[in-house]
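Remarks on the overall topology
The primary structure of each chain is shown beneath.
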Amino acid sequence: MPLIIPVNTAGAQRKLEVFFGITPETQRAVGTFMLVFSMVEQAAEVAVLALSGEALEGRAPSTDRMMVSDLFKAIRRQIADAEDQAVRDLFASAADMGDDLAAIRHTVAHGRPFADEGGPVLRRNSSWFGETRRREQTTFPLSVEMLDQASAAADLLFMTLVRLAATAAQIDGFRIMALELGADLVEARQAIGQVRAQL
């Protein structure tokens, strides 16, 4: 017989709201962003494998132990030799946006909540008993608007990476993608870059 532990998520949600000012709506927005970004991570790995043309049968993929930042570096390397500048620009923007979204994701996933004058924030690698850490310190203001913007950008990046993987063997497909998605991706990259700049 399985062990059944009573779960009181309402109590946990209420504590986050009372102690840190993180409303249930904001908590849902955090969950949405984290789930969409996990889709980005999976799509980035598939895109790297598709671009490399790696045969996967009978062994672990070369991406097996790559961190998400390594996946975006691999995309940059693999597309660097493309003849078409629009194609290079599209995937450079995608990789840059992936890096920005990963920085936000890491702060959301690993940051400690604080109630701040301007609203709740998450701080990652904050000082420890007055000692400054060597790792980058980031602060993310928890607002539904910023989380929704990050989720929308992550969704666009996910769709871009899925299409990248699907057209990896077709250079003409890359050109079509660059024409169709280029402006949207550049605009989303700029917006999410502004969000990351606030970290």
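Before any of the text, the structure's been laid out above.
Residues numbered from 1 in each chain as written. Predicted model: local features only at pLDDT ≥ 70, side-chain atom pairs only at ≥ 80, totals over all residues. Heavy atoms only, no water.

Some details on the nonpolar core
Selection criterion: Take the buried residues of types Ala, Val, Leu, Ile, Met, Phe, Trp, Tyr and Cys, join any two whose side-chain atoms come within 4.5 Å, and each joined set is a nonpolar core. Burial here depends on accessible area, computed with a 1.4 Å probe over protein chains only, as a share of the maximum for the residue type. Under 20% is buried, over 50% is exposed, and the range in between is partly exposed. Helix and strand definitions follow DSSP, with helices as H or I runs of at least four residues and strands as E runs of at least two, each counted in order from the N terminus. In this description, contact between two residues means that some pair of their heavy atoms is separated by no more than 4.5 Å.
One finds Phe 33, Phe 72, Leu 101 and Leu 161 to be the most contacted residues of the largest nonpolar core, which totals 45 residues. Every element with two or more residues in this core is listed here: helix H2 (24-52), helix H3 (68-79), helix H4 (85-110), helix H5 (144-166) and helix H6 (171-197). In terms of residue count, H2 provides more of this core than any other element does, eleven residues in total. When sequence neighbours within four positions are dropped, the list of residues in contact with Leu 101 reads Phe 33, Phe 37, Ala 150, Ala 153, Ala 154, Leu 157 and Ile 192.

Re the environment of Asn 125
Tracing the chain through its elements places Asn 125 in the loop between strand S2 (119-124) and strand S3 (138-141). In the structure, Asn 125 is positioned 13 residues away from Thr 138 in sequence and 7.0 Å away in space, judged by C-alpha atoms. If sequence neighbours within four positions are ignored, Asn 125 has contacts with Arg 133, Arg 135, Glu 136 and Gln 137.

What about H2?
In plain terms, the rule: For a helix, the expected span equals 1.5 Å multiplied by the number of residues minus one.
For H2, with 29 residues, the first-to-last C-alpha span of 43 Å sits near the 42 Å given by 1.5 Å per residue. Following H2 by one or two positions, Gly 53 adopts a phi angle in the positive range, close to 70 degrees.

Comments concerning the pattern of salt bridges
Side-chain pairs of opposite charge can arise whenever the charged atoms involved come near each other. Applicable threshold: Note on definitions: salt bridges are taken to be side-chain nitrogens of Lys or Arg within 4 Å of carboxyl oxygens of Asp or Glu.
Counted by the stated rule, this structure contains four salt bridges. The salt bridge partner of Asp 96 is Arg 76, with a shortest N-O separation of 2.9 Å. On the criterion of sequence distance, the pair formed by Asp 96 in helix H4 and Arg 76 in helix H3 is long-range, its members being 20 residues apart. On the basis of relative accessibility, which here comes to 28%, the residue Asp 96 falls in the partly exposed class. Looking at Arg 76, the relative accessible area reads 26%, which means it is partly exposed.

Regarding the sheet that holds strand S1 (residues 112-116)
To be explicit about the condition: Strand pairing is assigned whenever DSSP identifies at least 2 bridges connecting the two strands. Helix axes use the C-alpha atoms of the stretch in contact, all axes being lines fitted to C-alpha atoms, and the angles between their N-to-C directions lie in the range 0 to 180 degrees.
The strand order S1-S2-S3 describes an open sheet built from three strands, whose pairing is antiparallel. Whereas interior strands pair on both sides, the edge strands pair on one side only; in this sheet they are S1 and S3. Strand-to-strand twist of the sheet, defined as the mean angle between neighbouring strand axes without regard to direction, takes the value 30 degrees. Note: S2 against S3, four bridges, orientation antiparallel. Following the sheet pairing, Val 121 is matched in S3 by Pro 141.

Remarks on the pairing of S2
With five bridges joining them, S1 and S2 adopt antiparallel strand pairing. When the bridges of S2 are listed, Ala 115 appears paired with Pro 120. Hairpin geometry of S1 and S2 is characterised by an intervening segment of two residues between the two adjacent antiparallel strands.

Details of the packing of aromatic side chains
The criterion, for reference: Two rings from Phe, Tyr or Trp (for Trp, the six-membered ring) form a pair when their centres sit within 6.5 Å of each other. Planes less than 30 degrees apart are called stacked, planes more than 60 degrees apart edge-to-face, and all others tilted. We call a charge positioned over a ring when the NZ of a Lys or the CZ of an Arg lies within 6 Å of the ring centre and within 35 degrees of the ring normal.
Taken as a whole, this structure holds two aromatic pairs when the rule is applied. Seen in terms of ring centroids, Phe 19 and Phe 20 are 6.4 Å apart; in terms of plane orientation they differ by 70 degrees. Their pairing is edge-to-face. Judged by relative accessible area, which is 56%, Phe 19 ranks as exposed. The cationic tip of Arg 123 hangs over the ring face of Phe 114; the distance from NZ or CZ to the ring centre is 4.6 Å.

Coordinates in, geometry out; function isn't part of it.
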